[in-house]
Amino acid sequence: MNASTAPSASPRPGPPVDPNRAIRAGHNKEYPREVWWLIASFIALVSLVQLASWAIFKLSSGRSTLPKEGKDAEAGLAAPSRRFSWRRLPLAIVNAYRVVAFRWTLQVGQSYTLNFAEVFVTVVYIVALFVWEFVNTTTVSGHKLDVTYWGGRAGAIATSQFPLVTALGTKNNILAYITGISYDKLNYIHRMTARVVFVLLWVHGGAKIAHLPTAAYEEWFIRVGLMALVAFTLLILVSLRPVRAEVYEIFYFTHFLTVLIMLLGGYFHANEVRVGSYVWPCFLVWGLDRALRLGRLVYFNHLYFGFSSNASRLDASVELLSPHFVRLHLKRPPHFKWTPGQTAFLTMPGVSGFPLEAHPFTIASVDARYQLDGVKTPGPPATEKLREDPGSDPAPYWKELTFLINVREGFTRKLAAVAERGEKVKVLVDGPYGFSPNLDNDDAVVLIAGGSGVSFTLSTFLGVLSHVQSGRSKCKRLVFIWSIREASHIEWISKALTQALELAPNGTEISIRIFITSGNSVPVPQEREWNEDDSVHSSEGTAVGRSRPSSLLNFSAVQVSQGRPDLPALLRDEVEVNTGRLSVTVCGSQGIARACRAALRIPVSTVLNGGPSVVLHVESFGYA
């Protein structure tokens, strides 16, 4: 028989192929990629806007000429003349955008505020992920919102966001550098994305738990997936703001352990369905961040790690300024440079419950690059004299690292106890982190602080004056507003402000407004005796006076008032007397930030009629 004519054997019929399975697999692979294209496009857009803003700033800025002689730091400026001009329409539009995006806010509870830019990003992110989650979930037979479609897809989309959440949570954040948004401000996006991913994972887990047969729980990858989800749930609970603020140390260690469990369990679970490629990059991102931080820690503190005889020079002096505040200062580590307003992470093995525990604090002092001409920095003999002279300020604000720390519970409470005993502490410094606002192109600068927020505004104040003195800043008016509980708190920074006023360049109008919110009387600018009983403890071996009068109060540029500052009225006055570019920098409580945002919701007509272009920088303190 011819082989070509031989009857062919009919193939055995195999099991029926479910057409939905191939469709689901295709969606689970493609949709996470599409989500990432959206995110990448948004990041690119923000980066381009940041680049354009930087280019415009560079083109519009130039070396400003030094102010004319004849005016001192306490002279006033005449009210500017204004007139309407349509040429200012682009500037008015930019200001309107700033008002809508960053000054209109949504208050959540009593202590949490989101600006509209954050609300917009949050809503778009949630809507985008859930649109991709539930789109095209109809089976070939017409059953809509089929659980087999969206149940597995929720896990795939959530897993794809792990690298983004991890990157946003690191201190050495590449997204911060390409967008110009500092890591601490991106921390909100980190928490928001993590919580959206958490919800998606429970959508995935809930769908599977409801439909998986009991025998499926014998599978190892199902068990590790459940373990990862439980760890993530615990992490979300301890990261809630009330818990995070009250027991930060517990959050710190729980965060580390639960993230490790979640990523390991998530990788093995996701790799079983071939989406583990989204998880393993998280270990690279996290590991690179930790390696960079460890490298900087060793580099800046090499005297400790090299067992040098000079290592004790880096020990920090700690002063208990009041029951609620500690001042810590130490010699600047070699090669450590920073700009005004940046933060550093401090590790104190002798104070922390865990030797590698690091806490962020704003640097209140400025680098030697910002030292005003005429400031005399004491050498070693003078430094010894400072220790013997109770009337001298042992914490210079140039060249040394100085921190004003608000005493809470846990670590800061232990640090206050060390200060009370008059001991020194070994400190490992890592940093600096964050971006300083560039105020060189601003005609007027207003700095507002509440309590320990003065760490940020004091260093910024000194930095602006340094740039004015060197001709790099256009600032002609500098306003410093500080709200404090007790009049004695003025002594914390009186010497730095006094030196700044004495050395301020001619022609720069400076106004320092200090508001005392307690019932104590306002100090008067006259010399009087002070008692040893009024001293506070210092690890320098000296007593730091609580009520010692300061020559700062003898300057007419300094006004001390009783009661809380009327920030809306103060800011309205600044808008009225200024033209050009006005920047307002705020570091304080949520209440202070809300008041400043509300006061600076200026209408478009103000800019069209010659009013200032207003830029607002808001820095927060407390636990992130």
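Up top you'll find the structure we're talking about.
Below, the structure is looked at part by part. On a predicted model such as this, the values are computed, not experimentally measured, just so you know.

## Focus on the packing of aromatic side chains
And step 1. Counted according to the given criterion, the structure contains 22 aromatic pairs.
And step 2. Among the aromatic residues, those joined into a cluster by ring pairs are Y248, F251, Y252 and F253.
And step 3. Sitting over the face of the ring of Y149, R24 holds its NZ or CZ atom 5.9 Å from the ring centroid.
And step 4. Here the basic side chain of R293 rests over the ring of F345, its NZ or CZ set 4.8 Å away from the ring centre.

## Description of the sheet that holds strand β8 (residues 428–433)
And step 1. With antiparallel pairing, three strands are arranged side by side in an open sheet as β6-β5-β8. Of all the strands in the sheet, the pair left with one neighbour each is β6 (358–362) and β8. Between one strand axis and the next, the sheet turns through 25° on average, direction left out of account.
And step 2. Of the pairings in the sheet, the one linking strand β5 (residues 343–347) to β6 comprises five bridges and is antiparallel in character.

## Describing the sheet that holds strand β9 (residues 444–450)
And step 1. With parallel pairing, the six strands of this open sheet are ordered in space as β14-β11-β10-β9-β15-β16. The open sheet terminates on both sides in strands that have one partner only, identified here as β14 (558–562) and β16 (613–620). With direction set aside, neighbouring strand axes in the sheet form an average angle of 15°.
And step 2. The pairing of strand β15 (residues 581–588) with β16 spans eight bridges and is classified as parallel. Its bridge partner being in β16, T585 is matched across the sheet by H617.
And step 3. Sheet contacts for helix α18 (residues 590–599): β9, β15 and β16; angle to β15, the most-contacted strand, approximately 160°.

## Focus on the pairing of β8
And step 1. In terms of residue burial, β8 counts as a mostly covered element, since five of its six residues are buried.
And step 2. For β5 and β8, the ladder comprises four bridges, and the chain directions are antiparallel. Bridging across to β8, L346 finds its partner in V429.

## Focus: the nonpolar core
And step 1. Ranked by size, the top nonpolar core spans 49 residues in total, and within it Y125, V197 and F232 carry the most contacts.
And step 2. The greatest single-element share of this core, amounting to twelve residues, is contributed by helix α7 (residues 183–211).
And step 3. Each residue touching F232, except ones within four places of it in the same chain, is listed here: A194, V197, F198, L201 and M262.
And step 4. Core analysis: the second largest hydrophobic core is formed by 41 residues, V468, C475, F480 and I490 among them.

## Brief notes about helix α3 (residues 116–134)
And step 1. The terminal C-alpha atoms of α3 lie 27 Å apart, and with 19 residues this matches the ideal 27 Å at 1.5 Å per residue to within 8%.
And step 2. Within α3, burial applies to T122, Y125, A128, L129, W132 and E133. End-on, the buried residues of α3 take up no more than an arc of 140°, which puts them together on one face.
And step 3. Capping the start of α3, N115 holds a side-chain oxygen 3.1 Å from the backbone nitrogen of A117, two or three residues further along.
And step 4. Trailing α3 by a residue or two, N136 shows a phi angle of about 55°, which is positive.

Calculation criteria
- Residues numbered from 1 in each chain as written.
- Predicted model: local features only at pLDDT ≥ 70, side-chain atom pairs only at ≥ 80, totals over all residues.
- Heavy atoms only, no water.
- Phe/Tyr/Trp six-rings, centres within 6.5 Å; stacked < 30°, edge-to-face > 60°.
- Lys NZ or Arg CZ within 6 Å of the ring centre and 35° of its normal.
- Pairing = 2+ DSSP bridges.
- Helix = DSSP H or I, 4+ residues; strand = E, 2+ residues; numbered from the N terminus.
- Axes fitted to C-alpha atoms, helices over the stretch in contact; angles between N-to-C directions.
- Contact = heavy atoms within 4.5 Å.
- Buried < 20%, exposed > 50% of the residue type's maximum accessible area, 1.4 Å probe, protein only.
- Core = buried A, V, L, I, M, F, W, Y, C linked by side-chain atoms within 4.5 Å.
- Expected span 1.5 Å × (residues − 1).
- Arc of directions from axis to C-beta.
- Polar contact = N/O pair within 3.5 Å; in protein donor to acceptor, adjacent residues only side chain to side chain.

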